[in-house]
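So the chains spell out like this:
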Amino acid sequence: MAFTKVESIKPKAPIKPPLGSSGLSLNAKNKALGPMDNFFIFPFVAALSAAISCKPPPPPISTNGKIENFKQGNTGDCWALAAIHTLAKTKNGAEIIKNSIKKLPSGNVVVELKGAKESYRFTPEQVNDAKGRLSQGDDDVRLLEMALEQHRLKLLVAAKDKKASIEDLRYISDFANPSEMSEYVGSGTLSEPLDGGFGANAIFLLTGKTSKTAYDYQGANVVANAEKEIDNIKKDERFSLAESQRKQSLMYQIKASGVKTQEATKKINEKLDEFSANPGRFAVTGSFYQYDKKQGIYTCHAYSLKSVDGDKVILVNPWNSKEETVISRKEFLSNYNFWTFCDME
């Protein structure tokens, strides 16, 4: 543990003694100090200086390699926290996390990102100072967040130094591509490296395992945009032939997208059954399209899948890992955006 050096500062002006003190002054003109006076007064000065100039040392890092309760902080890294939570619910994921966090005799902790093939060391002061900005609660969770943050920051700084386009690092075309997973930075910036991302990215960086993702992103967007454009086409009988042909084209896009959406929905439904039949095997995260306050569903926000019980799907929101969000399978399948399934065996 690092200690702050305390220096005693000799005051230039007399210090008014506190009430109840002996009334002794540090000004030699007021009183000549004898040996016993020095003995009693100067420890008091040292203690006073320490109280004024030094903050207390940070608490030691509490780590046992197990993921316990946590709450998301002020950083937009729900994707990372959801991944950490779901990994901890799998047998192999929990083991990888435990082995990736090592406490040193100095009190510092080293965190290994197995997928990124990188390690980062953190002090108790750094871990304590990150509380609130990053997650609150379990120190192990915050340590993993900090390592993911350092990895992203490294990528962003390197891109800036090379004057390369950061935009090239913001997109993923293949969630099963280790190279893309290693270089992805989401919506991160130099001031907010962890902002925005995919659970599949965090799972890969932490474990080295790639995921399969089923999503309705393109299909739903095509449908929404096509329907909006159709609404903008003149609705009276006098609209032009070009507009009529365009409307027919848009209707075809909606139909084709609907087929694609049905395929993705079928795939996710099958994955839910597989998840239910093999507890502790799959790490699963994802998000939804539509906001539903009653159900506790928020858009642009990641959840981890905790369990599937018949028609009930139990989710965990990283805002508070102790609380569960329960929705029906029908509601899940009608509102999903994308969901990532990683086989940890």
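None of the values given here were measured: they were computed from a predicted structure. (Residues numbered from 1 in each chain as written. Predicted model: local features only at pLDDT ≥ 70, side-chain atom pairs only at ≥ 80, totals over all residues. Heavy atoms only, no water.)

Some details on the confidence of the model for the chain
Moving on, step 1. Confidence in the prediction for the chain averages 79 pLDDT; 70% of positions are at 70 or higher.
Moving on, step 2. Here residues 1-50 is a poorly scored stretch, pLDDT under 50, and it has 32 contacts once near neighbours within four places are set aside; other chains count. (pLDDT = per-residue confidence, 0-100. Contact = heavy atoms within 4.5 Å.)

Side note on the pattern of salt bridges
Moving on, step 1. Following the criterion strictly, the structure yields eight salt bridges and no others.
Moving on, step 2. The salt bridge involving Glu274 is made with Lys271; its shortest N-O contact spans 3.6 Å. One end of the pair is Glu274 and the other is Lys271, both in helix H9 (residues 241-277) and three residues apart, which spans about a single turn.
Moving on, step 3. Overall, Glu274 belongs to the partly exposed group, its relative accessible area being 30%.
Moving on, step 4. Residue classification places Lys271 among the buried positions, given a relative accessible area of 17%.
Moving on, step 5. A salt bridge links Asp343 to Arg281; the shortest N-O distance between them is 2.7 Å. In this pair, Asp343 is assigned in strand E11 (residues 336-343) and Arg281 in the loop between H9 and strand E7 (282-288), connecting sequence segments 62 residues apart.
Moving on, step 6. On the basis of relative accessible area, Asp343 is assigned to the partly exposed category, the value being 29%.
Moving on, step 7. Each member of the salt-bridge network shares a partner with another, and the members are Arg281, Asp343 and Glu345. (Salt bridge = Lys/Arg side-chain N within 4 Å of Asp/Glu carboxyl O. Helix = DSSP H or I, 4+ residues; strand = E, 2+ residues; numbered from the N terminus. Buried < 20%, exposed > 50% of the residue type's maximum accessible area, 1.4 Å probe, protein only.)

A short note on the packing of helix H2 (residues 78-88) against helix H7 (residues 199-207)
The description of two packed helices rests on the angle between their axes and on the distance between the axes.
Moving on, step 1. Relative orientation of the contacting elements H2 and H7 amounts to 55°, with a least axis distance of 8 Å. Between H2 and H7, the angle is such that the two are oblique. In this structure, H2 crosses over H7, and the sense of that crossing is right-handed. Seen from H2, the contacting residues are Trp79, Ala80, Ala83, Ile84 and Leu87; seen from H7, they are Gly199, Asn201, Ala202, Ile203, Leu206 and Thr207. (Axes fitted to C-alpha atoms, helices over the stretch in contact; angles between N-to-C directions. Parallel < 35°, antiparallel > 145°, perpendicular 65-115°, else oblique. Left-handed = near helix turned anticlockwise from the far one by under 90°.)

Examining helix H5 (residues 139-161)
Moving on, step 1. The end-to-end C-alpha distance of H5, which contains 23 residues, comes to 32 Å, matching closely the 33 Å that a straight helix rising 1.5 Å per residue would cover.
Moving on, step 2. Positive backbone phi, at 55°, marks Lys163, one or two positions downstream of H5. (Expected span 1.5 Å × (residues − 1).)

Structural notes on the sheet that holds strand E2 (residues 101-103)
Moving on, step 1. Strand order in the open sheet formed by three strands is E2-E3-E4, and the pairing between neighbours is antiparallel. Of all the strands in the sheet, just E2 and strand E4 (118-122) have a single pairing partner and so form its edges. In this sheet, neighbouring strand axes are inclined to one another by 20° on average, regardless of whether the strands run parallel or antiparallel.
Moving on, step 2. Where strand E3 (residues 109-113) lies against E4, five bridges are found, and the strand directions are antiparallel. Paired with Val110 across the strands is Arg121, a residue of E4.
Moving on, step 3. The strands touched by helix H3 (residues 91-100) within the sheet are E2 and E3, with E2 carrying the most contacts at an inclination of about 35°. (Pairing = 2+ DSSP bridges.)

Some thoughts on the packing of aromatic side chains
Moving on, step 1. Throughout the structure, instances matching the rule amount to eight aromatic pairs.
Moving on, step 2. Ring centres of Phe288 and Trp339 lie 5.6 Å apart, and the angle between their planes is 65°; this geometry places the pair in the edge-to-face category. With Phe288 in strand E7 and Trp339 in strand E11, this pair connects stretches of sequence that are 51 residues apart.
Moving on, step 3. Taking the relative accessible area as the measure of exposure, Phe288 reaches 1% and is therefore buried.
Moving on, step 4. Between Tyr291 and Tyr298, the aromatic rings sit 5.5 Å apart at their centres with planes inclined by 50°, giving tilted as the arrangement. (Phe/Tyr/Trp six-rings, centres within 6.5 Å; stacked < 30°, edge-to-face > 60°.)

Structural notes on the environment of Asn69
Moving on, step 1. Note that Asn69 resides in the loop between helix H1 (35-53) and strand E1 (70-71).
Moving on, step 2. By relative accessible area, which is 46% here, Asn69 ends up partly exposed.
Moving on, step 3. Taking the C-alpha atoms as reference, Asn69 lies 6.0 Å from Asp138; in sequence the two are 69 residues apart.

Describing H7
Moving on, step 1. Where burial is concerned, most of H7 is hidden: nine out of the nine residues are buried.
Moving on, step 2. Every buried residue of H7 is accounted for by Gly199, Ala200, Asn201, Ala202, Ile203, Phe204, Leu205, Leu206 and Thr207.
Moving on, step 3. Phi for Gly208, located one or two positions after H7, is positive at around 85°.

Concerning the side chain of Ser211
Moving on, step 1. Looking at the element boundaries, Ser211 is found in the loop between H7 and strand E6 (212-215).
Moving on, step 2. Assessed through its relative accessible area of 5%, Ser211 is described here as buried.
Moving on, step 3. If we skip the residues at most four places from it in the chain, Ser211 touches Phe175, Ala176, Ala200, Ile203, Thr340, Phe341 and Cys342.

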